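# Commentary on secondary and tertiary structure
For reference, the chains in residue letters:
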Amino acid sequence: MQAVRKYAPAWMAMAAAAAMMAHYIGSKAVRDAVFLSNFPVSSLPQMVLAAAVVSFGSVLLSSRAMTRWTPGRLMPAAFALSGVLTLAVWSQMAAFPKLTAVLLYLQIVSLGPLLTSGFWSIVNESFDPREAKRQVGRIAGAGSVGGVLGGVVAERLAAASGVSITLPVLTLYHFICAALLWRFFVLAGRSAGARSPARSKESEEPAPSVLGALRGAPYLQTLAWLVMLGTMSAAMIDYVFKYQATLRYGNGVELLRFFALFYAVTGVLSFVAQTLLSGISLQRLGVARTVGTLPLAVSLGGLTALILPGVWTGTLARGIEQVFRSSLFRAGYELFYMPIPAREKRAAKQAVDVGFDRLGDALGSMLVKVLLLLGAAIANQAILTAAVLVALVSLWVASRLQNAYVDALERNLLQRAGEFADASGTEGLGFTGGMDSTPMLPAQTGVYQALQPRRAPSRADSSMQIAALPSSADVPTLLHGAAAATTSAILGDPVVSAIVELRSGDVRRAHRALALNSPLKPALVPHVIQLLGWDQMYPEATRALRAAVAGCSGQLLDALLDPQTDFAIRRRIPRVLAAARSQLVFDGLMQALGDRRFEVRYQCGRAMAVLHDQVGWIQVQQRHLLERIEKELNVSRPVWEGQRLLDGVEESDISPLMDEFLRTRSSRSLEHVFTLLMLLFPKEPLRVAFRGLHTDDAYLRGTALEYLESTLPDAVIERLRPLIDADAERSQRRRDARAAEDVLAQLMLSNQSILVNLDELKRKLETEE
């Protein structure tokens, strides 16, 4: 039952799309047949221009209404109104054939695209970007099936009873669509992912005007150019197609049957392409390249018709345009609107979808009209040539949209940053802590937090060389027993005395030795490094080493990269190196990402993140780091979920990504991978995306996933996607377990009152007896 509720909105949208496209395809066949039966084909450009003018006015009214009442409330009424208008035209067709032909053309050309755009606006606002990627193709596929049925029904009815009888059937389609859309709106409003609190809050903000929305969003301007150029090339090819069809089939029923069969066949091919290719294309080519298949196909179809002129190549060129527009282009195009805030989308979507579509129609028709002056002998070839050139320009515009799409997703995520913070109860998303949870002493504060930028050290700096350093083996006789201490005192060597104190095993003596030898001398560094593995001395040893890190980085890296060094020491060294501000240290930490122990790799990643944030000139070996990231992801699910931090001190740290809200929701494995990814990709969007993955808001989580899938390399996202899903399942299990514990706690609290009520009932029954 839960699965039925989850997918009910999608199924309702698919049924509505089928009814809508049945009307769309059937009405196009009727429109063309009725108009061309009453007017010559040469009057078609003028009619297209008139329809464009009517569309512009309709767009302005529709955009205002959309921002005031929302698509979900407005569009069911609009579909019902369209049905009523169709009935009115049908009732006057016999008395005024030419007038009703014009009115029918204007209604279908101007109102039809507005209804289609409004339908997709409802869909856009009902799914998150990632879910939309799955559902839009299915909804468009259902629409293609409806288009096939609409074309077949129109052809059969025309053959049996004439053209006019098809209009009541078209009316029925829109009435059905109105009812289904209203039901879809209700179901989507109840579903968990249909409207997030963030989107509800956003919808309450004042909506911009159409021009304001377009001016403030270059991304929408690029979309508008794409729509206009695509429609221009389609209008020119459509003229050639209809010109050749009228020469071959004349006017009347035969022409309608030809158009109906044409739209039915293209509907079948659109459904096949939508079903078999749209998902693969979106995954492998991306949104922009999927949309770019339309102008590419138009170019190839136009060239074919240009080289081999005739009715069948003209039909082929128009058919290719129709199939790609209804399948791959539609599946990708609607996704471009997903990152746009609802208030801007409502103001601008119909202006782009319909206004610029009609503008392209008008410009294409005007160009056709001009080229017809060249004479019938060469006009068609000139029109096809112009269509191919415009399609190539449209292909170039489409190639620019992928980066714009990712930028829009990024802006959308950044706008959600405050909402993530509200959801978690935290004040921000930035890196608010250091690599240590213990209080910072003045020396540490000066070195770790308040360091000013320094010059990049050269490899000639001796303090940065990774070389063999003194160890306890150099003073073997001085480290055993009271005789060594006596000898040290007699010799008066403060270094040897300090070594003895540091190696004494006594906390107070070791503390005193660190306090008396600040800053550390190079000979003492190896012995202080050993103290990192001693829990009682670890905080003091860390502070002492950080204060001297500029002169002992090489020794620290030696110990970190030596697999013989104790694990407890290796996992704590990166915290010290985070204060070094050195390219050589960063490279050494990069090398340590190959350590066999997860906690060492985790701490190295965090130290690298600190260095990268604080030092502007740090260079990242991108290829090497990507290989390390892929290796982190190339693990089984049990290993991924089982990776933990063993040291209790580190568990309380504040990391660049984690806070108390996320600590119980995310795994350290995912945090580590994102920490490394932030060294290669924009930090703040990734930080917000990481938080978005762990929110209960389906829309925000889907936006985060879509941003990651559009930004990260294929090799990374293919491995990361199932691990993210596993993380989400694990987090959900934890929340379910906590919910069950809360219910049990409430039950136990209620136990006393239950016993009291039972005693009262028992006394009441005894009294009655």
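Counting of residues starts from 1 at the beginning of each chain's written sequence and follows it residue by residue. Whole-chain, interface and lining totals are the exception, using all residues; otherwise, since this is a predicted model, local features are given only for residues with pLDDT of at least 70 and side-chain atom pairs are given and counted only at 80 or more. The basis for every side-chain value is the complete set of heavy atoms in the structure, and neither hydrogens nor water enter the calculation.

Candidates for patches are residues over 30% relative accessible area with no salt bridge; among them, like charges are joined within 9 Å and nonpolar side chains (Val, Leu, Ile, Met, Phe, Trp, Tyr) within 5 Å. Only the protein chains shown count as cover for residues, with accessible areas throughout obtained via the Shrake-Rupley method and a probe of 1.4 Å. Here, a salt bridge means any Lys or Arg side-chain nitrogen found within 4 Å of an Asp or Glu carboxyl oxygen. Judged by side-chain polarity, Val145, Leu149, Val268, Phe271, Val272, Leu276 and Leu277 come together as a nonpolar surface patch covering roughly 570 Å² of accessible area. Among the secondary structure elements, those contributing two or more residues to the nonpolar patch are α5 (129–161) and α10 (253–284). Tallying contributions element by element places α10 first for the nonpolar patch, with 5 residues. Note on placement: Val145 falls in helix α5. The partly exposed category is assigned to Val145, whose relative accessible area is 34%. Each helix is a run of DSSP H or I of at least 4 residues and each strand a run of E of at least 2, with the numbering of both proceeding from the N terminus. Burial classes: relative accessible area under 20% of the type maximum marks a residue as buried, over 50% as exposed, and values in between as partly exposed (1.4 Å probe, protein chains only).

Take helix α20 (residues 507–516) next. Turning to α20, its buried residues number three or more, namely Ala510, Ala513 and Leu514. An end-on view of α20 places all buried positions within 100° of arc, on one side of the element. Residues of α20 that are exposed and point over 90 degrees away from its buried face: Arg508, Ala515 and Leu516. The contact criterion used throughout is that any non-hydrogen atoms of two residues lie within 4.5 Å. Against the buried residues of α20 lie α19 (494–502), α21 (525–531) and α22 (538–547). Here a polar contact is taken to be a pair of N or O atoms separated by no more than 3.5 Å, where protein atoms must pair a possible hydrogen donor with a possible acceptor and residues adjacent in sequence count only if both atoms sit in side chains. The N-capping residue of α20, defined by a side-chain oxygen 2.9 Å from the backbone nitrogen of Arg508, is Asp506. This arc is taken over the directions from the axis of the helix to the C-beta atoms.

Next up on the list: the layout of surface pockets. Empty space among the atoms can be located by rolling a probe the size of a water molecule over them. Approximately 400 Å³ is the volume attributed to the second largest pocket. If you list the elements that add at least two residues to the lining of the second largest pocket, you get α10, α11 (286–307), α15 (401–415), α34 (698–711) and α35 (714–768). In this classification, Asp, Glu, Lys and Arg are treated as charged, Ala, Val, Leu, Ile, Met, Phe, Trp, Tyr, Cys and Pro as nonpolar, and every other residue, Gly included, as polar. Each residue belonging to the lining of the second largest pocket can be placed in one class, and the counts come to 7 nonpolar, 6 polar and 8 charged. Only protein atoms enter the 1 Å grid used here. Points where a 1.4 Å probe fits but cannot escape make up a cavity, open sets with protein on both sides within 12 Å along at least five of seven lines make up a pocket, and a residue lines them when an atom lies within 4 Å of a point. Grid points are joined across faces, edges and corners, and a volume is the space filled by probe spheres set on the points.

With that settled, the discussion passes to the nonpolar core. Definition of nonpolar core: a set of buried residues of the types Ala, Val, Leu, Ile, Met, Phe, Trp, Tyr and Cys, connected through side-chain atoms within 4.5 Å. Within the largest apolar cluster, 178 residues are counted, with the highest numbers of intra-cluster contacts made by Leu545 and Leu708. Residue contacts for Leu708: discarding those within four places in its chain leaves Phe674, Leu686, Ala689, Leu693, Ile717 and Ile724. Among the nonpolar cores identified, the runner-up in size contains 15 residues, and Ala101, Leu104, Ile108 and Tyr173 belong to it.

Across the chain, the average pLDDT comes to 76, with 77% of residues at or above 70. A residue's pLDDT is the predictor's confidence in that residue, given on a scale from 0 to 100. Here residues 420–491 is a poorly scored stretch, pLDDT under 50, and it has 119 contacts once near neighbours within four places are set aside; other chains count.

As a further point, take the side chain of Ser365. Turning to its location among the elements, Ser365 is positioned in helix α13 (residues 342–372). Excluding its chain neighbours within four sequence positions, the residues that come into contact with Ser365 are Pro45, Val48 and Leu49.

For the bond running from Ser518 to Pro519, omega is 0°, close enough to zero to count as cis. Take Pro519: it is sitting in the loop between α20 and α21.

Another aspect to go through is the side chain of Ser710. Examined against the element boundaries, Ser710 turns out to sit in helix α34. Relative accessible area serves as the criterion here: at 17%, Ser710 is assigned to the buried category. Aside from chain neighbours lying at most four places away, what touches Ser710 is Gln402, Tyr405, Val406 and Leu409.

Once that is clear, we can look at the environment of His527. Position of His527 among the secondary structure elements: in helix α21. Here the alpha-carbon distance between His527 and Ala541, two residues 14 residues apart in the chain, equals 9.7 Å.

As a further point, take empty space enclosed by the protein. One pass over the structure, following the stated rule, counts 7 cavities of 30 Å³ or more. The space that makes up the largest cavity amounts to roughly 940 Å³. Contributing to the lining of the largest cavity are 47 residues, with Tyr24, Lys28, Arg325, Asp357 and Arg358 lying nearest its centre. Those elements that place two or more of their residues in the lining of the largest cavity are α1 (2–38), α2 (44–69), α4 (97–124), α5, α9 (218–249), α12 (311–333) and α13. Among the elements that make up the lining of the largest cavity, the one with the highest residue count is α9 (9 residues). Within the lining of the largest cavity, the residues separate by chemical class into 24 nonpolar, 11 polar and 12 charged. Taken as a whole, the second largest cavity holds about 90 Å³ of empty space. The biggest single contributor to the lining of the second largest cavity is α4, with 6 residues. Here the residues of the lining of the second largest cavity are counted per class, giving 5 nonpolar, 7 polar and no charged.

Quick look at the packing of helix α26 (residues 583–592) against helix α27 (residues 598–614) now. Put simply, α26 and α27 touch, their axes get as near as 9 Å, and they point 155° apart. The angle between α26 and α27 falls in the class roughly antiparallel. Along this stretch, α26 crosses α27, giving a crossing that reads as left-handed. For the pair α26 and α27, contact is made by Val585, Phe586, Leu589, Met590 and Ala592 and by Arg601, Cys604, Ala607, Met608, Leu611 and His612, respectively. When grouped by side-chain class, the residues that make up the contact of α26 with α27 number 9 nonpolar, 1 polar and 1 charged. Here the axes come from fitting lines to C-alpha atoms, over the contacting stretch only for helices, and the angles between their N-to-C directions go from 0 to 180 degrees. We call two directions roughly parallel when the angle between them is under 35 degrees, roughly antiparallel when it is over 145, roughly perpendicular when it lies between 65 and 115, and oblique otherwise. Crossings are sorted by hand: turned counterclockwise from the far helix by less than a right angle, the near helix makes the crossing left-handed, and turned clockwise it makes it right-handed.

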